[in-house]
Amino acid sequence: AQSVTQLDSHVSVSEGTPVLLRCNYSSSYSPSLFWYVQHPNKGLQLLLKYTSAATLVKGINGFEAEFKKSETSFHLTKPSAHMSDAAEYFCVVSTLTGANNLFFGTGTRLTVIP
Amino acid sequence: EAGVVQSPRYKIIEKKQPVAFWCNPISGHNTLYWYRQNLGQGPELLIRYENEEAVDDSQLPKDRFSAERLKGVDSTLKIQPAELGDSAVYLCASSLGDSNTDTQYFGPGTRLTVL
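Because the structure is a prediction, the values reported are computed rather than measured.

### Re the environment of A82 of chain B
All names here are of chain B.
1) Next: Within the fold, A82 resides in the loop between β8 (75-79) and β9 (88-95).
2) Next: Note on A82: relative accessible area 2%, which makes it buried.
3) Next: Excluding residues within four positions of it along the chain, A82 makes contact with I13, K15, K16, Q17, R64 and V114.

Set out below in structure tokens:
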């Protein structure tokens, strides 16, 4: 079975400070992991994905995530938050079974304080 | 390049009424997905199509939900009759293939309110 746990439902940071959104996964197989962002009234957008290549994955808008198998984690980070980063972020797991079924976490709402 | 198109964007209906959602995937994408996103939750897969074939509909409540993807392009998701608990955002996504490395691209969704 596959699942992800997003450890924080809401994170608040000041503009210009680092962002850390935490995610732990559970998977019977070597997983593929994703982070998606959802801005209000807009579709989900892929930020980055890990598919068993480099463990440090760089995405769009300055975000990156590190796959740590020993900790079953895939935390999302950004060195400096921008006001436009305020959104809902979803950690997502898929499996290597050939079926591209995504299992979403419950989401973390990021608030950026000016 | 146009993204995934969904219509309508918003729909308000009374319970027991039927409702239908339409999705046009990205051109050339063989795989199409319908998800339901309840308030405060992540999306959950309802059905996945490979071309015209529904290859995974295990999470689709078949007593009231139906879907079709005629000609392997556009797709329609229907609810009949709608219940109060069906209020949610219905998302359509598409990808080139069904490999887990294929990126899924999502449409803006249809927000359904059942009164």
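### Side note on the nonpolar core
If you look at soluble globular proteins, the nonpolar side chains tend to sit buried side by side.
1) Next: One finds W35, L48, L76 and Y89 of chain A to be the most contacted residues of the largest nonpolar core, which totals 26 residues.
2) Next: With 4 residues, strand β10 (residues 87-94) of chain A is the single largest residue contributor to this core.
3) Next: Aside from chain neighbours lying at most four places away, what touches L48 of chain A is L33, F34, W35, V57, K58, G59, F63, E64, A65, F74 and L76 of chain A.
4) Next: One finds L77, I79, C92 and L112 of chain B within the second-largest nonpolar core, a separate group that totals 21 residues.

### A word on the interface of chain B and chain A
1) Next: Contacts between the two partners involve 25 residues from chain B, matched on the other side by 23 residues from chain A.
2) Next: In total, about 1,700 Å² of surface goes out of reach between chain B and chain A, with carbon and sulfur atoms giving 44% of it.
3) Next: The interface formed by chain B and chain A holds 0 salt bridges in total.
4) Next: Connecting chain B to chain A are 3 residue pairs in polar contact (both at pLDDT 80 or more).
5) Next: Secondary-structure elements contributing two or more residues to the side of chain B that touches chain A are β4 (31-37), β5 (44-50) and β9 of chain B.
6) Next: Among the elements that line the side of chain B that touches chain A, the one with the most residues is β4 of chain B, at 3 residues.
7) Next: Class assignment for the residues of the side of chain B that touches chain A results in 8 nonpolar, 12 polar and 5 charged.

Procedures and definitions
- Residues numbered from 1 in each chain as written.
- Chains lettered and ligands numbered in written order.
- Predicted model: local features only at pLDDT ≥ 70, side-chain atom pairs only at ≥ 80, totals over all residues.
- Heavy atoms only, no water.
- Helix = DSSP H or I, 4+ residues; strand = E, 2+ residues; numbered from the N terminus.
- Buried < 20%, exposed > 50% of the residue type's maximum accessible area, 1.4 Å probe, protein only.
- Contact = heavy atoms within 4.5 Å.
- Core = buried A, V, L, I, M, F, W, Y, C linked by side-chain atoms within 4.5 Å.
- Buried area = accessible area lost by both parts, 1.4 Å probe.
- Salt bridge = Lys/Arg side-chain N within 4 Å of Asp/Glu carboxyl O.
- Polar contact = N/O pair within 3.5 Å; in protein donor to acceptor, adjacent residues only side chain to side chain.
- Nonpolar A, V, L, I, M, F, W, Y, C, P; charged D, E, K, R; others polar.

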